[in-house]
Amino acid sequence: MFDTRDSPSVVAGSVRERILRFASNARRPLHLGSSLSAVEILVAVLVVLRPQKRRDVFILSKGHGALGLYAALAEAGVFTDHDLETFGLSGTALPVHPQRGGDWWNRFATGSLGHGVGLGLGVVMARTYGAEVGRCLVVVGDGECQEGSVWEAAAAAVELDARGLCVVVDSNEYGQTGRIAGPSAADGLHRQFAALGWRTRVMDGHDAEQLVAELQTFGSGSTPRALIARTVKGRGSSAVIDGLPGSHFAPLSQR
Ligand SMILES: Cc1ncc(C[n+]2csc(CCOP(=O)(O)OP(=O)(O)O)c2C)c(N)n1
């Protein structure tokens, strides 16, 4: 179990091991590459949002990366190893895509891509109507950014002055079936968010310390914030990386 004084990169290493240990025992199809690429981002989210007193909300918009989120939560002591073993099984509290619950990390069901930024905008706008909510942090995939709804919400966020909203893009440059290029690659995303008026930065998505430092201050600026976090799909497993782009949803043992 980690506490917020532990080094985020060391915690990320333990989370990655946890995911791979689970995958090698489970021997069933998993979104492994998607979970492994997001580990440092998810650890940074936990470090920043877990001890919060305000009612901040997290949305894993790329809901197929839920195994990574649950593994990070297990590392934080929210779930046991036994809980994690039930991932995706009938009756589990840890479904393959997050289901709506009462915690800061599962306020919304996700899995159908393209909705997290709009939901996050709704969360921060709810303050305008007196709801007791704080900031909202949304993690999206770069393939997911090919959904037009992401950009409708991103444009509206500036118009509606949604300064408490932060989007982190897990920019691993792979989608479900192949490479991500052009406007949805890191530089293209940076340009698009910046053109809409978001405060934007491209950064190393595996540098957990830097991610924590960036996320600590989100919500303090005058505009919404976008971090384009460059990552490697399947980071930590050459078996997954060697299997790309065909192994988006596959068992570890078959790679
Ligand atoms: C609306 C919608 N369309 C299609 C899918 C199927 N799907 C699941 S994951 C995925 C690829 C997502 O790629 P990306 O956002 O880059 O995430 P990564 O797995 O690379 O982290 C797709 C198309 C979906 N879940 N929702």
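See above for the structure.
Description of the structure in this document. (Residues numbered from 1 in each chain as written. Predicted model: local features only at pLDDT ≥ 70, side-chain atom pairs only at ≥ 80, totals over all residues.)

Quick look at the overall build of the protein chain now. Counting secondary structure elements, the protein chain contains ten helices and five strands. Here the C-alpha atoms of the protein chain give a radius of gyration of 17 Å, agreeing with the 18 Å that 2.2 N^0.38 yields for 255 residues. Across the 255 residues in the protein chain, those meeting the buried criterion constitute 50%. Expressed as a percentage of contacts within the protein chain between residues at least 6 apart in sequence, the contacts between residues at least 24 apart total 77%. (Helix = DSSP H or I, 4+ residues; strand = E, 2+ residues; numbered from the N terminus. Rg over C-alpha atoms; globule rule 2.2 N^0.38 Å. Buried ≥ 20, exposed ≤ 12 C-beta atoms within 10 Å, placed from the backbone. Contact = placed C-beta atoms within 7 Å.)

Every one of the 19 residues lining the ligand counts as a neighbour, but S34, G141, G143, E144 and Q176 are closest to it. Among the residues forming the shell around the ligand, the class breakdown is two nonpolar, twelve polar and five charged. (Near = placed C-beta within 6 Å. Nonpolar A, V, L, I, M, F, W, Y, C, P; charged D, E, K, R; others polar.)

Where helix α1 (residues 8–26) contacts helix α9 (residues 208–216), the two axes come as close as 7 Å, and the packing angle between them is 115 degrees. Each of P8, S9 and A12 in α1 lies in contact with α9, whose residues at this interface are A208, E209 and V212. Taken together, the residues that form the contact of α1 with α9 break down as four nonpolar, one polar and one charged. (Axes fitted to C-alpha atoms, helices over the stretch in contact; angles between N-to-C directions.)

Our focus in this paragraph is the pairing of strand β3 (residues 165–171). Most of β3 sits inside the fold, with seven of its seven residues counted as buried. Side chains L165, V167, V169 and S171 of β3 all project onto a buried face; the interleaved residues C166, V168 and D170 project onto the opposite face, where all are buried too. The pairing of strand β2 (residues 136–141) with β3 spans six bridges and is parallel. Across the sheet, the residue bridging to L137 is C166, located in β3. Taken together, β2, helix α7 (residues 148–159) and β3 constitute a β-α-β crossover, and its handedness is right-handed. Note that β3 and strand β5 (residues 225–230) share six bridges and pair parallel. Residue V169 lies in a different strand from β5, and its bridge partner there is I228. (Pairing = 2+ DSSP bridges. Right-handed = clockwise from strand over helix to strand, strands pointing away.)

The next subject is the nonpolar core. Counting 73 residues, the largest nonpolar core has V43, A44, V45, Y70 and L137 as the members making the most contacts within it. If one sorts the elements of this core by residue count, helix α3 (residues 39–49) sits on top with ten residues. Here A44 is in contact with P8, A208, L211, V212 and L215, once residues within four sequence places are set aside. (Core = buried A, V, L, I, M, F, W, Y, C linked by C-beta atoms within 7 Å.)

It is worth spelling out the pairing of strand β4 (residues 199–204) at this point. Inspection of the sheet shows β4 paired to β5 by six bridges, in the parallel sense. Counted as the bridge partner of V202 is I228 from β5. As a crossover connection, the stretch from β4 through α9 into β5 is right-handed.

Turning to helix α4 (residues 66–75), a few remarks are in order. With ten of ten residues buried, α4 is to be regarded as a mostly interior element. Contacts made by the buried residues of α4 are with α1, α2 (32–37), α3, β1 (57–60) and α5 (81–85). Once α4 ends, the next one or two residues include G77, with phi positive near 85 degrees.

What follows is about helix α8 (residues 186–196). Within α8 the residues assigned to the buried category are A186, L189, Q192 and F193. Burial along α8 is one-sided: seen end-on, the buried residues are contained in an arc of 130 degrees. Next to the buried residues of α8 lie α7, β3, β4 and β5. Two residues or fewer past α8, G197 is found with a positive phi of approximately 110 degrees. (Arc of directions from axis to C-beta.)

Next up on the list: the packing of α3 against α9. Remark: α3 packs on α9, axes separated minimally by 9 Å, with the N-to-C direction vectors making an angle of 45 degrees. Compared by their axis directions, α3 and α9 come out oblique. α9 is crossed by α3, and the crossing has right-handed handedness. Counted together, E40, I41, V43, A44, V45, V47 and V48 of α3 and A208, L211, V212, L215 and Q216 of α9 form the full contact between these two elements. Taken together, the residues of the contact of α3 with α9 sort by class into ten nonpolar, one polar and one charged. (Parallel < 35°, antiparallel > 145°, perpendicular 65-115°, else oblique. Left-handed = near helix turned anticlockwise from the far one by under 90°.)

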